[in-house]
Each structure stands twice: as C-alpha cells, then as structure tokens.
Amino acid sequence: MKRLIWIVLPLFVAAGCVKSTGETERPVALVFEPALHTTVRSDAAAYPDVRPFGVYAWQLPADRSWREAASEAVPYLADERVGYADGVWSTQTALLWPGDGQRLTAIGYAPYGAASGCDAASGVRFDGVDVRTVGEDLCYTDLQADLRKNHNGGVVTLPFRSVFAQVDFRVKSLTGEDVPLTVRRIELDEACYGGSFRSLPAPEWTLDREKTEPFLFFEGECPLRTSSQAVGATLYMLPQQLLAPVSVTFEAPAPSGETITQTIPTEPLGTMLEAGRYYTYTLSVGVDRVEFLLQIIEDRIK
C-alpha cells in the first residue's frame, strides 16, 4: 500500500493542485474593483475609469489572521497596476487567488505610481508631499483583510479614501445693492503645505511645520450680490487646524465718490480640516468688516 501512494502522488502533483480528497483545486481569477468611500455626494460615487491604481497584497495560512500574524505575512502582489479597459478593471497579467489553504490581505492606492511605498507595517506611504504642486488627489484604501478565494466571486472591492481636505469659498454682500462692492482677492493668511502620510496602523499625517505660507484662493474681479456665489479655486489642503484668518481685498465706494481698495481679515478660522472632507466658507463682506460662515462639510473624492 505504501508503494502505491509513492507512485500515485507525483502523478497528481504533475497534473495540478489537489485537495486532500484527490479532487483537483479549481483556480479562481483574482480581480480588483475600485469604489469611492463617500456618504454624501452621489456624483462622486463612481471611481474614475481613467485613473489606474496600484495594489499590494500578502498571504497567510488559512488558520492565521492578519491581526495576529501580519509580521509573518508573505508578499503576494507588489505594486500591481490595475487599469480600466473594455469595461473591466484588469491587471497587465492575469492573477489567480492563492490556494484553499491561504488567505489574502490587500491594500490599494491611487493614482498608480504616486505612492512612495507600501508594507505591512506602514501601509501606503506618500512621502514629502507638497500640496501646492501635487496636481491631483492622492488616495488609499483600508486593508481588506483575511479574504478567501470564494470571497465575492473572486472580486476584491477597494474603497478609496482621499488623504487631503478640499476648501473653497463663496462670497456675498452685507451692504445691499445700493453700495456696490467688488472682491479682488481672497487669501488664507497661513497654512502648512508639506508633510508625509502613512495609512497604517492608522491613517496619519506628519506635517512639516516649517513649510507654511499663504494660500491664494482668488485674484480677479467679483462684483458682490446679496446672495452668495462661488468664487475662485477649490484647493487641496493637508489635514490640520487652521488658526489663521482669511484676508479679503475688495473695492468699496468712499463718501467722496471715489473707489477705495482695502483689505480686511476675518477672525481666525479655527477649523480642524479632516482628510476626505470638503469645506466651503461663505464670506459676508461689508464696508468695514468681513464675516465668515462654515457652510458645508461633506465627504467628497474627485
């Protein structure tokens, strides 16, 4: 009987993977599907199909969990590019799930190539970020841990989160239509623009406090109405507490009939910016004062 086992076993191994019952293990395609982690805006619900993303993954024996044995996990995918073509998100080479005796843990980032690295201890890293020049949103996903190949038909959904906050402004007049005011410039007096991000063990920014400067949101000509109107650019900002005021430069009529230009700051904003949130400030401008209202805080990724 022992001879029979030693003869047959190599034949099964040569034929492919086998279960303990002798049944051949069926390979399952490993597929990733992106989503946006958002709870408010329906127009931001779909991940943009023109934006490839990267995936890292590790495997562990089925009897070990990521929580207890992350340091023992074996790399399975390293910065795999996932792009959209012909209606499907796919990798450049077809991927398969690990065997039945293994579990998979995956994490993603976007856009592809933007991450400084990724490992089991630090997660996704964006090092030396300068938010003034980054040009587009940087995103990461939470760990999708301890997945088996029969999970969701082999599809791993990756909900992406933004690492930035976004800020914009609206303006309106406090004086009514009889006193015309024109905003020329809106500038946040100071904020930090540089730092580094890591997603594990919890999402965290380390800000470089030496890298601070004013943030210019608008420069031009915006005649004010009594109803609020959008003005200027929407800017990405690092999560931080805003302690500075906003300075508003505007034109107003003088008693002599001439037009004068003056700059008036608001009170310090005092807002704690959070990653993945969108903040809109409404500035109410009068001849001698500028007030602000934090009007909207919402989840948004673009």
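Provided above is the structure to which this section pertains.
Enquirer: Break down the overall build of the protein for me, citing the residues and quoting the values.
Expert: Counting its secondary structure elements, the protein contains two helices and 20 strands. Per-residue burial over the protein gives 43% buried out of 302 residues. Long-range pairs, those at least 24 residues apart, make up 68% of the contacts in the protein between residues at least 6 apart in sequence. With the model as given, the accessible surface of the protein reaches about 15,800 Å², and the carbon-plus-sulfur share is 51%.

Enquirer: Go over unusual backbone geometry with me, naming the residues and quoting the values.
Expert: Trans is the common state for peptide bonds, and a negative phi is the common state for residues other than glycine. Cis geometry is found at the peptide bond from Ala-110 to Pro-111, where omega equals -5°. With respect to the helices, strands and loops of the structure, Pro-111 is situated in the loop between strand 5 (102-110) and strand 6 (117-119). Cis peptide bonds are those with omega within 30 degrees of zero, and the linkage from Leu-200 to Pro-201 qualifies with 5°. Locating Pro-201 in the fold gives a position in the loop between strand 13 (194-198) and strand 14 (204-207). Residues other than glycine seldom take positive phi values, yet Asp-146 does so here, at roughly 60°. When you line up the elements, Asp-146 lands in strand 9 (residues 144-147). Given a relative accessible area of 24%, Asp-146 falls into the partly exposed group.

Enquirer: Can you break down the pattern of salt bridges residue by residue, with the values?
Expert: Counting across every chain of the model gives 16 salt bridges. A salt bridge links Asp-127 to Arg-125, with the shortest nitrogen-to-oxygen separation between them at 3.5 Å. Judged by relative accessible area, Arg-125 falls into the partly exposed class, the value being 22%.

Enquirer: Go over the nonpolar core, please, and point to the residues and values.
Expert: Core analysis: the biggest nonpolar cluster contains 56 residues, and Ile-186 and Leu-188 have the highest contact counts within it. Counting residues per element, this core draws most heavily on strand 12 (residues 182-192), at five residues. Sequence-distant contacts of Ile-186, that is, excluding residues within four places in its chain, are made with Phe-169, Val-171, Phe-215, Leu-216, Phe-217, Phe-218, Val-231, Val-246, Ser-247 and Leu-283. Of all hydrophobic cores here, the second largest spans 21 residues; its members include Leu-30, Leu-36, Leu-77 and Ala-110.

Enquirer: Help me get a handle on the side chain of Ser-247, residues and values and all.
Expert: Its place among the elements puts Ser-247 in strand 17 (residues 246-253). Looking at Ser-247, its side chain comes within polar contact range of the side chain of Asp-189, at 2.8 Å. Not counting residues up to four positions away in its chain, the partners in contact with Ser-247 are Arg-185, Ile-186, Glu-187, Asp-189, Thr-263, Ile-264 and Pro-265.

Enquirer: Provide a residue-level description of the sheet that holds strand 6, including the pertinent values.
Expert: Spatially, four strands are ordered 6-7-13-14 in an open sheet, and the strand pairing comes out antiparallel. Where the open sheet ends on each side, the last strands, each with one partner, are strand 6 and strand 14. Going across the sheet, the axis of each strand differs from the next one's by a mean of 20°, ignoring polarity.

Enquirer: Kindly report on the sheet that holds strand 12, identifying the contributing residues and their values.
Expert: The four strands are arranged 15-12-17-18 in an open sheet whose pairing can be described as antiparallel. If you trace the sheet from one side to the other, it starts and ends with strand 15 (212-223) and strand 18 (259-265), each paired once. Direction aside, the axes of adjacent strands within the sheet are offset by 15° on average. Sheet topology note: the strand 17/strand 18 ladder contains seven bridges and is antiparallel. Note on strand 18: the bridge partner recorded for Thr-249 is Thr-263.

Enquirer: Please set out the side chain of Ser-284 residue by residue, giving values where relevant.
Expert: Summarising the element assignment, Ser-284 is placed in strand 19 (residues 277-285). Residue Ser-284 is classed as buried on the basis of its relative accessible area of 10%. The contact partners of Ser-284, leaving out residues within four places of it in the chain, are Lys-172, Leu-174, Arg-289, Val-290 and Glu-291.

Enquirer: Before we move on, can you summarise the packing of aromatic side chains with the specific residues and values?
Expert: To describe a pair of aromatic rings, one takes the distance between the centres and the angle between the planes. Counted under the stated rule, the structure contains 17 aromatic pairs. Ring-pair connections join several aromatic residues into one group, and the members of that group are Phe-126, Tyr-140, Phe-164, Phe-197, Trp-205 and Tyr-236. In this structure, Arg-132 is placed above the aromatic ring of Tyr-193, and the distance from its NZ or CZ to the ring centre is 3.7 Å.

Enquirer: How would you explain the environment of Glu-251 if you had to name every residue and give the values?
Expert: As for its position among the elements, Glu-251 is in strand 17. Take Glu-251: its relative accessible area is 21%, and that puts it in the partly exposed class. Sequence separation between Glu-251 and Gln-262 is eleven residues, and the spatial gap between their C-alpha atoms is 6.5 Å. Setting aside chain neighbours within four positions, we find Glu-251 in contact with Pro-180, Leu-181, Thr-182, Arg-184, Thr-259, Ile-260 and Thr-261. In this structure the side chain of Glu-251 is engaged in a polar contact, spanning 3.1 Å, whose partner is the side chain of Arg-184.

Enquirer: I'd like a description of the pairing of strand 7 (residues 123-130), backed by residues and values.
Expert: It is a general feature of regular strands that their side chains alternate between the two faces of the sheet. Pairing of strand 6 with strand 7, which is carried by three bridges, proceeds in the antiparallel orientation. Across the sheet, the residue bridging to Gly-117 is Arg-125, located in strand 7. Connecting strand 6 to the next strand, strand 7, in antiparallel fashion are three residues. The sheet contact formed by strand 7 and strand 13 spans four bridges and is antiparallel. Bridging across to strand 13, Arg-125 finds its partner in Arg-198.

Rules used throughout
- Per chain, residues are indexed from 1 in the order of the written sequence.
- Local features in this predicted model are restricted to residues whose pLDDT is 70 or higher, and side-chain atom pairs enter the listing and the counts only when it is 80 or higher, whereas totals over whole chains, interfaces and linings include all residues.
- Only hydrogens and water are set aside when side-chain values are computed; all heavy atoms of the structure are taken into account.
- Secondary structure follows DSSP: runs of H or I at least 4 residues long count as helices, runs of E at least 2 residues long count as strands, and numbering of each begins at the N terminus.
- Burial classification: accessible surface area is computed with a 1.4 Å probe over protein chains only, and a residue below 20% of its type maximum counts as buried, one above 50% as exposed, and the rest as partly exposed.
- Whether two residues are in contact is decided by their heavy atoms: any pair within 4.5 Å suffices.
- Note on areas: these come from Shrake-Rupley sampling with a 1.4 Å probe, and a residue is covered only by the protein chains present in the view.
- For this analysis, a salt bridge means a side-chain nitrogen from Lys or Arg found within 4 Å of a carboxyl oxygen belonging to Asp or Glu.
- To define a nonpolar core, start from buried Ala, Val, Leu, Ile, Met, Phe, Trp, Tyr and Cys residues and group those joined through side-chain atoms within 4.5 Å.
- For this analysis, a polar contact is any N or O atom pair within 3.5 Å, provided that within protein one partner can donate a hydrogen and the other can accept it, and provided that sequence-adjacent residues contribute only side-chain to side-chain pairs.
- Strands were regarded as paired on the criterion that DSSP finds at least two bridges between them.
- Axes, fitted as lines to C-alpha atoms, cover a helix only where it is in contact. Angles between the N-to-C directions of the axes lie from 0 to 180 degrees.
- Between 30 and 60 degrees the pair is tilted, below 30 it is stacked and above 60 it is edge-to-face, where a pair is any two Phe, Tyr or Trp rings, Trp via its six-membered ring, whose centres lie within 6.5 Å.
- Distance and angle both matter: a charge sits over a ring if NZ of Lys or CZ of Arg is within 6 Å of the ring centre and within 35 degrees of the ring normal.

Functional significance is not addressed by these values, which are geometric in nature.
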